[in-house]
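So the chains spell out like this:
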Amino acid sequence: MNEDDEIKSLVGKPYLKNKNKLKFGGSVDSKGIIREALSRDEFREMKSRCPVDKSNILFAEDLRDCIGYDTNESVIDEILEFLDDQDVLTPKGKELARVFWERYIHEED
């Protein structure tokens, strides 16, 4: 079985038992079941289109642009809090969440 087939075979399996095999990302439903597993090529394609890797881009605006300006900040806040509580955010994701919270949620005095 090649690497792509191994990764795609993770769909439908529990995330916590297989998180080390989910090398390039994916999505997990609310019951902790893997719903999508990215191959190396899919990951590279997504990464090439993602402006978050550019140091001069403001993370919070990227997040708002990605989700949509009509989305309420509290919805994004709840999603980020959930992901943070589950300890599934990467270091870049944690930085994005911190910047988002500072810019949109926590008011500065």
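Everything below is about the structure printed above this text.
Described below are features of the structure shown in this document. (Residues numbered from 1 in each chain as written. Predicted model: local features only at pLDDT ≥ 70, side-chain atom pairs only at ≥ 80, totals over all residues. Heavy atoms only, no water.)

## A look at the overall build of the chain
Phase 1 of the analysis: Within the chain, the regular secondary structure consists of six helices and two strands.
Phase 2 of the analysis: When the helices and strands of the chain are listed from N to C terminus, the series reads α-α-β-β-α-α-α-α.
Phase 3 of the analysis: The buried share among the 109 residues of the chain stands at 27%.
Phase 4 of the analysis: A fraction of 38% describes how many contacts in the chain between residues 6 or more apart in sequence connect residues 24 or more apart.
Phase 5 of the analysis: Accessible area for the chain stands at about 8000 Å²; split by element, carbon and sulfur atoms hold 50% of it. (Helix = DSSP H or I, 4+ residues; strand = E, 2+ residues; numbered from the N terminus. Buried < 20%, exposed > 50% of the residue type's maximum accessible area, 1.4 Å probe, protein only. Contact = heavy atoms within 4.5 Å. Areas by Shrake-Rupley, 256 points an atom, 1.4 Å probe, with all protein chains shown as cover.)

## Looking at the environment of Lys 31
Phase 1 of the analysis: For Lys 31, the position within the fold is in the loop between strand S1 (26-28) and strand S2 (34-37).
Phase 2 of the analysis: Here Lys 31 falls in the exposed class, since its relative accessible area comes to 73%.
Phase 3 of the analysis: Residues Lys 31 and Tyr 15 lie 16 residues apart in sequence; the distance between their C-alpha atoms is 9.2 Å.

## Side note on the nonpolar core
Soluble globular proteins tend to pack their nonpolar side chains together in the buried interior.
Phase 1 of the analysis: Among the nonpolar cores identified, the biggest contains eight residues, and these are Ile 7, Leu 10, Tyr 15, Leu 22, Phe 24, Ile 34, Ala 37 and Leu 38.
Phase 2 of the analysis: Beyond its immediate sequence surroundings of up to four residues, Tyr 15 is in contact with Leu 22, Val 28, Gly 32, Ile 34 and Val 88.
Phase 3 of the analysis: Formed by six residues, the second largest nonpolar core is a distinct cluster that contains Leu 80, Leu 89, Phe 100 and Trp 101. (Core = buried A, V, L, I, M, F, W, Y, C linked by side-chain atoms within 4.5 Å.)

## What to know about the pattern of salt bridges
Phase 1 of the analysis: Applying the stated criterion to the full structure yields seven salt bridges.
Phase 2 of the analysis: Between Glu 42 and Lys 8 there is a salt bridge, with its nearest N and O atoms 2.7 Å apart. Here Glu 42, found in helix H3 (residues 40-49), pairs with Lys 8, found in helix H1 (residues 3-8); they are 34 residues apart in sequence, far enough to count as distant.
Phase 3 of the analysis: Take Glu 42: its relative accessible area is 32%, and that puts it in the partly exposed class.
Phase 4 of the analysis: Shared partners join several salt bridges into a network, and the residues in it are Glu 3, Lys 23 and Arg 40. (Salt bridge = Lys/Arg side-chain N within 4 Å of Asp/Glu carboxyl O.)

## Quick word on the layout of surface pockets
Phase 1 of the analysis: Counted as a void, the second largest pocket has a volume near 280 Å³.
Phase 2 of the analysis: Looking at the second largest pocket, the residues that line it are Pro 14, Tyr 15, Leu 16, Val 28, Asp 29, Ser 30, Lys 31, Gly 32, Phe 82, Leu 83, Gln 86 and Val 88.
Phase 3 of the analysis: Every element with two or more residues in the lining of the second largest pocket is listed here: helix H2 (15-18) and helix H5 (73-85).
Phase 4 of the analysis: Taken together, the residues of the lining of the second largest pocket break down into seven nonpolar, three polar and two charged. (1 Å grid on protein atoms, 1.4 Å probe; cavity = no way out; pocket = protein on both sides within 12 Å on 5 of 7 lines; lining within 4 Å. Points joined across faces, edges and corners; volume = space filled by probe spheres on them. Nonpolar A, V, L, I, M, F, W, Y, C, P; charged D, E, K, R; others polar.)

## Focus on the packing of aromatic side chains
Phase 1 of the analysis: The tally for this structure, following the rule as stated, stands at one aromatic pair.
Phase 2 of the analysis: Judged by centre distance (5.8 Å) and plane angle (35 degrees), the ring pair of Phe 24 and Phe 43 falls under tilted. With Phe 24 in the loop between H2 and S1 and Phe 43 in helix H3, this residue pair connects regions lying 19 residues apart in the sequence.
Phase 3 of the analysis: When its relative accessible area of 31% is taken as the criterion, Phe 43 is described as partly exposed. (Phe/Tyr/Trp six-rings, centres within 6.5 Å; stacked < 30°, edge-to-face > 60°.)

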